[in-house]
Amino acid sequence: MRTNVLGTALISCCNNPVTGFYRDGYCRTGPGDHGLHTVCAVMTEDFLAYSKAQGNDLSTPRPEYEFPGLREGDKWCLCVTRWAEALEAGMAPEVVLEATHSSAVEFVDLDDLKAHAYED
């Protein structure tokens, strides 16, 4: 069973748009996922602008990759290191803890994730 940072079953982050390294809606990782797409984050305009400034434009549609572009409110599996960078810069988006893979705590503190917990 895949687990989340709370130690319970990992739930899907988002299927519209479909997210995850494996494009199955889950923030899970495995061979080939060098970015470790394990944090289920809720996009904000501020974070999207920050990510674009860091060289990762998540807001522009890329039809050739079947990527619609993200908007505020969309949920997306972020690379744990990008979330950590955004945290340090004061730009970290909220996190869906139940959909954030347990391995994320190898790179970021669980208390930091909890401090940014998304309440639906």
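This write-up is about the structure you can find in this document. All figures in this text were calculated on a predicted structure; none of them were measured in a lab. (Residues numbered from 1 in each chain as written. Predicted model: local features only at pLDDT ≥ 70, side-chain atom pairs only at ≥ 80, totals over all residues. Heavy atoms only, no water.)

Attention now goes to the overall build of the protein. If you tally the helices and strands in the protein, you get three helices and three strands. Computed over the C-alpha atoms, the radius of gyration of the protein is 13 Å, within 12% of the 14 Å expected from 2.2 N^0.38 for a compact globule of 120 residues. With respect to the principal axes defined by its C-alpha atoms, the protein has extents near 35 × 30 × 30 Å. Counting only residues that meet the buried cut, the protein has 40% of its 120 residues in that class. Sequence-distant contacts in the protein: of pairs separated by 6 or more residues, those separated by 24 or more amount to 63%. For the protein, the computed accessible surface area is about 6500 Å², with 48% contributed by carbon and sulfur atoms. (Helix = DSSP H or I, 4+ residues; strand = E, 2+ residues; numbered from the N terminus. Rg over C-alpha atoms; globule rule 2.2 N^0.38 Å. Buried < 20%, exposed > 50% of the residue type's maximum accessible area, 1.4 Å probe, protein only. Contact = heavy atoms within 4.5 Å. Areas by Shrake-Rupley, 256 points an atom, 1.4 Å probe, with all protein chains shown as cover.)

Before going further, it helps to examine the pairing of strand E1 (residues 37–42). Counted residue by residue, E1 has five buried out of six residues, so it is predominantly covered. In terms of strand pairing, E1 meets strand E2 (residues 75–79) through five bridges, oriented antiparallel. Across the sheet, the residue bridging to His 37 is Cys 79, located in E2. Inspection of the sheet shows E1 paired to strand E3 (residues 94–95) by two bridges, in the antiparallel sense. Note that in E3 the partner of Val 42 across the bridge is Glu 94. (Pairing = 2+ DSSP bridges.)

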